[in-house]
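One-letter residues, chain by chain:
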Amino acid sequence: MKIRIKLIPVAFAKPEMVIAAPVESNDGLVLLAAGTILSEKLLSGLLKRNICCISVEENDSRSEQELSLERNKITEHINALFEQSPTGKNMQLLHQLILEYRLEPLQ
Amino acid sequence: MSVPKSMDDILQHIEYLPAMPKAVLEIIRCIDDPDTGVDEVVRTISLDIGLTASILKVANAARYSGHGNITNINDALMVVGLQQIRTMVCIVGVKDSFPQIKSPFFNYTNFWRHSVSVAVCARTLAKLAGTSPAVGFIAGMLHDIGQLIFTMAVPEDFNSAMEYRASHKCQDFEAEQAVLGMDHSAIGAHLAKKWKLPPVICNAIENHHSPDVPPTLIMADLIHVSEVLSHALEMGYAGHSVPPISDRALSRLGISFTKLKPSLAQIECEYQNAILMLN
């Protein structure tokens, strides 16, 4: 089973989730270290400090075959999204950017 | 089908133009003013009972549970912070300014989600481009308000434009120009000027589909690129193809798509966070 890192809104976070990257305040102070297990009290504190998003660890139980199928499906979908868009260097770069971004969690 | 010939014709169809709450206008006008302090923002919001009630409703939503009941704007500020309060004012205040008219061709939920998605993209891209994230956010929220005017003033013609869009697989503004003789950016800018919004926001509304028409302003570039990015990330509207991008607008902003990847997760996360305020 792989452990993946996911950025989620604090509003969606739940106690027992594990922090994957240090949470910093707007002035750069580390509020929570990576590996911290969230509690109601910690979540409440993050909201109070106006923290919008946090990185958490997520277990991924999908097999390599399932991931491969998912990658193909996403590639098809993103290609279709850009199918009718005009071509051009920047549009190609955007297409590539979105494709890489969507496929990254499936590697 | 009678097609209106001018903007005045269209506006004559509306008995009352939407009125944005004075408090929202005040906060938009001074959104980028460092001299506007917390006390002034609180006082401005508190003067509007309807807006205060809406803000408290959002602030008391499940995401802030554990803080007890928030009963006034001062308490809300303590719990969610000034930036979040301003975001709430921009989202809730703008949305509540427009009546919702039933239409089989217009989905208000998707409309507001799209507006929020462009606003969130604009806030992030503004930081990269070295311009105001707060102004970018509100310009993003308001960029398509002309479509709401169409739904109120000429609902049948606007429905025809949306049908035209679907059958011709073109952009909204192209369908509106073909069917109505004008598009939402012109009528939206007209309303923004009536509201006496800052010229930079009016220009962004007017030129977000034509950022290369002089005078070119960075805020119009920002909203144009933000809209393309929001479609590419499929935030707001699902199933719409990605619209064309102005290479010159992107270049004026100094943004390169090759360096944008680290910002995408943050944009999606802020979008999920912001749409909670729509419900």
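Residues numbered from 1 in each chain as written. Chains lettered and ligands numbered in written order. Predicted model: local features only at pLDDT ≥ 70, side-chain atom pairs only at ≥ 80, totals over all residues. Heavy atoms only, no water.

K.L.:
Explain the overall build of chain B here, please?
P.N.:
When you go through chain B residue by residue, the secondary structure sums to 16 helices and zero strands. Oriented by its inertia axes, the alpha-carbon framework of chain B measures out at about 55 × 45 × 35 Å. Among the 279 residues that make up chain B, the fraction classed as buried is 59%. Accessible surface for chain B amounts to roughly 11600 Å². Of this, 52% is attributable to carbon and sulfur atoms. If you average the places of the 21 positive and of the 28 negative side-chain charges in chain B, the two averages end up 3 Å apart. (Helix = DSSP H or I, 4+ residues; strand = E, 2+ residues; numbered from the N terminus. Buried < 20%, exposed > 50% of the residue type's maximum accessible area, 1.4 Å probe, protein only. Areas by Shrake-Rupley, 256 points an atom, 1.4 Å probe, with all protein chains shown as cover. Lys, Arg positive; Asp, Glu negative; His and termini not counted. Charge placed at Lys NZ, Arg CZ, Asp CG, Glu CD.)

K.L.:
How should the interface of chain B and chain A be read in this particular structure?
P.N.:
The extent of an interface is frequently quoted as the accessible surface area lost upon association of the parts. Taken together, the contact pairs 37 residues of chain B with 28 residues of chain A. Summing the contributions of chain B and of chain A, the shared interface buries around 2800 Å²; its carbon and sulfur component is 63%. Across the salt bridge formed by Glu104(A) and Lys261(B), the nearest N and O atoms sit 3.4 Å from each other. If you look at where chain B meets chain A, you find nine residue pairs in polar contact (both at pLDDT 80 or more). Contributing elements (two or more residues each) for the side of chain B that touches chain A: helix H5 (73–80), helix H6 (82–96), helix H14 (218–232), helix H15 (247–253) and helix H16 (261–275) of chain B. Residues that form the side of chain B that touches chain A fall into these classes: 19 nonpolar, 11 polar and seven charged. (Contact = heavy atoms within 4.5 Å. Buried area = accessible area lost by both parts, 1.4 Å probe. Salt bridge = Lys/Arg side-chain N within 4 Å of Asp/Glu carboxyl O. Polar contact = N/O pair within 3.5 Å; in protein donor to acceptor, adjacent residues only side chain to side chain. Nonpolar A, V, L, I, M, F, W, Y, C, P; charged D, E, K, R; others polar.)

K.L.:
Sorry if this is basic, but what is going on with the domain arrangement of chain B here?
P.N.:
Residue and element names in this part refer to chain B. Here chain B is described as being made up of domain 1 (1–18 + 101–279) and domain 2 (19–97). Between the C-alpha centres of domain 1 and domain 2 there is a distance of 24 Å. Contact residues are listed per partner, giving 22 residues for domain 1 and 19 residues for domain 2. Regarding the contact of domain 1 and domain 2, the summed buried area is about 1800 Å², with carbon and sulfur atoms giving 73% of it. It is Ile-138, Trp-195 and Met-277 that lose the most area in domain 1 upon contact with domain 2, and together they represent 32% of the buried surface on that side. Counting the contacts that link domain 1 with domain 2 gives zero salt bridges. Between the two partners, domain 1 and domain 2, sit two residue pairs in polar contact (both at pLDDT 80 or more). When contributions to the side of domain 1 that touches domain 2 are tallied by element, the ones reaching two or more residues are helix H7 (108–129), helix H8 (133–142) and H16. Broken down by element, the side of domain 1 that touches domain 2 gets its largest block of residues, six residues, from H8. (Domains from an automatic or database assignment.)

K.L.:
Can you walk me through the packing of aromatic side chains in this structure?
P.N.:
Any two aromatic rings considered together are summarised by their centre-to-centre distance and by the angle between their planes. All names here are of chain B. In this structure the tally under the stated criterion is seven aromatic pairs over all chains. Both rings, one in Phe-106 and one in Tyr-108, keep their centres 5.0 Å apart while their planes meet at 80°; by these two values the pair is edge-to-face. Overall, the relative accessible area of 8% leaves Phe-106 in the buried class. Among the aromatic residues, those joined into a ring-pair cluster are Phe-98, Phe-106, Tyr-108, Phe-111, Trp-112, Phe-150, Phe-158 and Trp-195. (Phe/Tyr/Trp six-rings, centres within 6.5 Å; stacked < 30°, edge-to-face > 60°.)

K.L.:
Help me out: how do you make sense of a negative patch on the surface in this one?
P.N.:
Among the surface-exposed residues, Asp33(B), Asp35(B), Asp39(B) and Glu40(B) lie close enough to one another that they form a single negatively charged patch. If you trace the backbone, Glu40(B) turns up in helix H3 (residues 38–46). (Patch = residues over 30% accessible without salt bridge, like charges linked within 9 Å, V, L, I, M, F, W, Y side chains within 5 Å.)

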